[in-house]
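# Summary of the model geometry
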Amino acid sequence: MTESGIDLNRIYDAVVVGSGAAGGMAAHVLTTHGLQVLLLEAGKKLPIEQELRSMQWPYENPYRGELPPDRHSLSFNEYTIRKPPYGPGFEKSKHLHSYIGDTDYVKNIVVDERENPFTGTNYAWVRARCLGGKTNIWGRLALRLSDYDFKAKSRDGYGEDWPISYSDLAPYYDKVDLYLGITGVKENLPYLPDSIFQRPTKLNCAEVTLKQGLQKMGRVLTQYRAGVTSDGLKHNQYRSRCFGRGACERKGGCDIHAAFDSPTGLIYPAMDTGNLTLRTNAVVREVTVDPKTGKASGVHFMDSETMKDYTVRARVVIVAASTLESARLLLLSKSRLYPNGLANSSGHVGHNFCEHVMGPGVVGQAKDLVGKAPTLDDGRPGGFYLTRFRNLTEKHPKFIRGYGFEGGSGARMFPEGTDRHGFGASFKEEVRQNQGSYISMGAFGEVLARFENYVDLDPVVKDKWGIPALRFHYKFGDNEHRMAEDMKETAQEMFEAAGFKIVRVSSRVLTEGWSIHELGTARMGSDPKTSVLNQFQQSHDVKNLFVVDGSAFVNASCQNPTWTIMSLCWRSCDYLADQLGKGNL
Ligand SMILES: Cc1cc2nc3c(=O)[nH]c(=O)nc-3n(C[C@H](O)[C@H](O)[C@H](O)COP(=O)(O)OP(=O)(O)OC[C@H]3O[C@@H](n4cnc5c(N)ncnc54)[C@H](O)[C@@H]3O)c2cc1C
Ligand code: SF4
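Here's what I pulled together on the structure shown here. Each chain carries its own residue numbering, running from 1 in the written order of its sequence. To read the labels, note that chains go from A and ligands from 1, taken in the order they are written. Local features in this predicted model are restricted to residues of pLDDT 70 or higher, and side-chain atom pairs are both shown and tallied only at a pLDDT of 80 or more, whereas totals for entire chains, interfaces and linings draw on every residue. Just so you know, side-chain values use all the structure's heavy atoms and leave hydrogens and water out.

On to the layout of surface pockets, then. Any residue with an atom within 4 Å of a point lines the site, the site being either a cavity, points on a 1 Å grid over the protein atoms alone where a 1.4 Å probe fits but cannot get out, or a pocket, an open set with protein on both sides within 12 Å along at least 5 of 7 lines. Grid points are joined across faces, edges and corners, and a volume is the space filled by probe spheres set on the points. Counted as a void, the second largest pocket has a volume near 450 Å³. Lining the second largest pocket are 21 residues, and of these Lys44, Asn108, Asp112, Glu115 and Arg129 sit closest to its centre. The nonpolar class holds Ala, Val, Leu, Ile, Met, Phe, Trp, Tyr, Cys and Pro. Asp, Glu, Lys and Arg form the charged class, and all remaining residues, Gly among them, are polar. Looking at the lining of the second largest pocket residue by residue, the class counts come to 6 nonpolar, 7 polar and 8 charged.

Dropping the structure here:
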């Protein structure tokens with residue numbers, strides 16, 4: 001796949017900023033409509049198969065898969081006792097990464113915190129600046145939202161409803177399922193709609209035991225719904241079906257691209273249409289505006305290596321730099337016409353920032369599996385998903401909204417969750433006897449969207465390219481802490497009901513940001529005074545400007561967001577192409 005040269009004299013139909021789930025989807029949909037699209041990505045195009053090395057055994061790696069000694073990734077404690085920017089105090093390490101950058105396989109994918117500083121409140125901000133962004137290493141749990149989420153305010157009175165319903169988005173979820181592939185099992189749950197699934201993975205012994213235990217409590221455990229093609233995709237030559245080789249358990253994606261990533265799933269096929277120009281190493285620093293019309297005219301970007309500045313023009317500008325970077329770009333794009341930043345007449349850009357709270361969970365042991373022959377349990381894209389059960393039919397007295405659990409069990413390359421201690425031959429024997437019998441799960445809960453949780457631009461600190469850094473004003477609130485208490489209690493209660501020995505229960509709430517599901521900084525809505533975008537992710541203020549990533553979310557729900565980001569983006573880009581064709585943009 002080669003990049004074609006950018007033409008600075010041309011007016012492109014659309015310029016897309018960012019090449020992750022959202023930018024890749026915009027490129028796919030718009031090029032399929034025949035539009036001439038320029039895709040700008042701040043990071044490099046990495047030789048991704050050489051980075052991921054899914055088939056590499058630990059003993060083939062000089063550091064057994066750990067980071068090289070000149071690099072450091074931030075731990076939970078370091079996030080807790082240090083304040084951003086996280087560079088100072090870590091001078092001994094040449095490169096500093098977020099907590100997710102703790103393996104040799106992702107060191108070039110996640111950013112160096114020193115080159116990309118931010119300030120304000122503590123936040124475990126994970127960024128991947130390279131072609132495909134975070135989709136190169138995402139966890140692949142691919143869930144739909146429902147009207148329990150889109151119409152949450154109508155149910156409990158908090159926040160705002162989305163300007164769309166599930167029925168508006170369902171056809172686009174279907175399109176994403178069919179184009180990218182997803183595995184799972186139908187459950188017919190009104191609060192977690194089914195996808196059009198390919199062949200599911202299998203639950204193992206302890207997981208089936210838990211599922212059966214939960215059925216008695218009226219709770220649902222289902223196979224991990226993975227954004228992975230298990231049957232293959234005839235229309236995509238860049239992806240293979242999943243062979244269940246086992247490296248899915250390692251942070252760092254799938255080098256045969258059975259798991260969805262934006263380059264092979266969306267961008268390379270878009271390039272094959274002949275309608276896409278891709279420019280990597282292109283750090284967009286401003287969306288430009290025509291002072292006569294007030295419309296977006298293109299963008300200014302810098303070459304990340306040479307620092308040279310460029311301007312490109314387009315009929316439509318599509319911002320897809322990820323929730324927080326997109327807010328930053330809008331705030332950076334100040335002009336005489338838009339002194340508060342672009343698309344910000346409401347003052348809501350950067351606000352209503354929300355995500356998922358994580359931490360509470362449980363490790364248990366199925367005693368009847370001790371000493372049984374090991375099975376190949378990590379050769380699948382995920383274990384199980386235990387669906388939301390709070391505030392569906394009943395009303396919880398202590399908090400609103402809900403949470404779900406991700407978990408798994410079984411034998412792994414490196415035994416996990418073990419409560420064995422000791423050394424030597426007897427210790428090894430103990431580990432072997434027990435390893436396949438452990439089961440664990442951790443919760444993901446909705447963080448309420450609140451105006452007072454926001455990001456703005458730091459007046460002093462700049463990144464490596466001289467661009468003002470983001471400043472965070474963001475903390476979990478009482479609802480999140482009360483929900484976290486309940487997560488811990490129900491996790492233990494459910495494992496006990498399944499008959500597992502409790503090994504460990506965690507009540508610790510992880511640092512804000514840990515879920516890597518940032519959402520809501522340019523929310524959609526019907527009222528331009530309280531929202532930034534309309535239902536098609538089109539700016540209320542600037543009609544040829546679209547923001548197509550997670551920033552458009554009105555609330556976070558408790559389901560992982562990427563499948564919804566891509567479905568919304570597909571819907572918005574269909575609308576965009578139609579409106580452009582009619583001369584309305
Ligand atoms: C380890 C991990 C596990 C995850 N697990 C899950 C999961 O199980 N399920 C789920 O739904 N989600 C998961 N996620 C989150 C998922 O990856 C994101 O929701 C998704 O990638 C968001 O897509 P995006 O396009 O908005 O952002 P990204 O994928 O981050 O892409 C944004 C792109 O924009 C580029 N960019 C930023 N600023 C600029 C600029 N100024 N100029 C040009 N380009 C710019 C970036 O370099 C990047 O390539 C996970 C993420 C990680 C890291
Ligand atoms: S289990 Fe499947 S999706 Fe996961 S790394 Fe292996 S081939 Fe890829």
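Quick look at the site of ligand 1 now. Of all residues adjacent to ligand 1, which total 36 residues, the nearest are Glu41, Gly139, Leu141, Val284 and Thr562. Taking glutamate 41, its side chain carries an N or O atom lying 2.6 Å from an oxygen atom of ligand 1. Think of a polar contact as two N or O atoms within 3.5 Å of one another; within protein, one of them needs to be a possible hydrogen donor and the other a possible acceptor, and neighboring residues in sequence only count if both atoms come from side chains. At a separation of 3.4 Å, an oxygen atom of ligand 1 approaches a polar backbone atom of proline 561. In the complex, 94% of the free accessible area of ligand 1, which totals 1,000 Å², lies under the protein chains. Those elements that provide at least two residues to the shell around ligand 1 are α1 (21-32), β8 (282-289) and α12 (562-581). Helix and strand definitions here come from DSSP, where helices need a minimum of 4 consecutive H or I residues and strands a minimum of 2 consecutive E residues; each element is numbered from the N-terminal end. Among the elements that make up the shell around ligand 1, the one with the highest residue count is β8 (3 residues). Residues of the shell around ligand 1, tallied by class, amount to 20 nonpolar, 10 polar and 6 charged. Residues are counted as near a molecule or strand when any one of their heavy atoms sits within 4 Å of it. Here, Shrake-Rupley sampling with a 1.4 Å probe gives the accessible areas, and only protein chains in the shown set may cover a residue.

Right, let's get into the site of ligand 2. Around ligand 2, the structure places 12 residues, and the nearest of them are Cys242, Gly244, Arg245, Cys248 and Cys254. A majority-of-atoms criterion places ligand 2 in the largest cavity. Split into classes, the residues belonging to the shell around ligand 2 amount to 8 nonpolar, 2 polar and 2 charged. What decides whether a molecule sits in a cavity or pocket is whether more than half of its atoms lie within 2 Å of the grid points.

Judged by which residues are buried, strand β7 (residues 276-279) turns out to be covered on both faces: Leu276 and Leu278 on one side and Thr277 and Arg279 on the other are all buried. Two strands are said to pair when DSSP picks up at least two bridges between them. Pairing analysis gives 4 bridges linking strand β2 (residues 37-40) to β7, with the strands arranged parallel. Paired with valine 37 across the bridge in β7 is leucine 276. Think of it in three bands: residues with accessible area under 20% of the maximum for their type are buried, residues over 50% are exposed, and the middle band is partly exposed, with areas taken using a 1.4 Å probe on protein chains only.

Here we take up empty space enclosed by the protein. This model, assessed by the stated rule, comprises 3 cavities of 30 Å³ or more. Approximately 130 Å³ is the volume found for the largest cavity. Lining of the largest cavity is provided by 16 residues; of these, Cys242, Gly244, Arg245, Cys248 and Cys254 occupy positions nearest its centre. Broken down by class, the residue content of the lining of the largest cavity amounts to 10 nonpolar, 4 polar and 2 charged. If you add up the space inside the second largest cavity, you get close to 60 Å³. Lining the second largest cavity, in full, are Ile48, Leu52, Thr135, Asn136, Ile137, Trp138, Arg140, Gly253, Cys254, Ala259, Phe260 and Asp261.

Note that patches include only residues with greater than 30% relative accessible area and no salt bridge, and the join distances are 9 Å for like charges and 5 Å for nonpolar side chains (Val, Leu, Ile, Met, Phe, Trp, Tyr). Salt bridge criterion: a side-chain nitrogen from Lys or Arg within 4 Å of a carboxyl oxygen from Asp or Glu. Together, Trp57, Tyr59, Met413 and Phe414 give the surface a local cluster of nonpolar side chains, amounting to about 500 Å² of exposed area. Within the element layout of this structure, tryptophan 57 appears in the loop between α2 (48-52) and β3 (71-73). For tryptophan 57, a relative accessible area of 44% translates into the label partly exposed.

Turning our eyes to something else, we now look at the packing of aromatic side chains. Note on aromatic pairs: each is described by the distance of the centres and the angle between the planes. Here a Phe, Tyr or Trp ring, Trp counted by its six-membered ring, pairs with any other such ring whose centre lies within 6.5 Å, and the pair is stacked when the planes are under 30 degrees apart, edge-to-face when over 60, and tilted otherwise. All told, the structure shown has 30 aromatic pairs when counted by the stated rule. Consider the rings of phenylalanine 118 and tryptophan 125, whose centres lie 5.5 Å apart with planes at 75°: the pair is edge-to-face. Both residues of the pair, phenylalanine 118 and tryptophan 125, count as buried. A ring pair is formed by phenylalanine 495 and phenylalanine 500, whose centres lie 5.2 Å apart and whose planes are at 75°; its orientation type is edge-to-face. A relative accessible area of 6% places phenylalanine 500 in the buried class. An aromatic cluster of three or more residues is present, and its members are Phe76, Tyr79, Tyr86, Tyr99, Phe118, Tyr123, Trp125, Phe353, Phe472, Tyr474, Phe476 and Trp514. Seen from the ring of phenylalanine 76, arginine 508 lies directly overhead, with NZ or CZ sitting 4.2 Å from the centre. Distance and angle both matter: a charge sits over a ring if NZ of Lys or CZ of Arg is within 6 Å of the ring centre and within 35 degrees of the ring normal.

To continue, consider the sheet that holds strand β11 (residues 356-365). Here we have 6 strands laid out as an open sheet, ordered β6-β12-β13-β14-β11-β17, and antiparallel in their pairing. Edge positions in the open sheet fall to β6 (221-223) and β17 (501-506), since each of these has one partner strand only. Strand-to-strand twist in this sheet, taken as the mean axis angle between neighbours without regard to direction, amounts to 25°. Taken together, the 7 bridges between strand β13 (residues 403-409) and strand β14 (residues 438-446) define a ladder with antiparallel strand orientation. What sits directly across from glycine 404, in β14, is phenylalanine 444. Note on method: axes are straight lines fitted to C-alpha atoms, helices fitted across the in-contact stretch only, with angles between N-to-C directions ranging 0 to 180 degrees.

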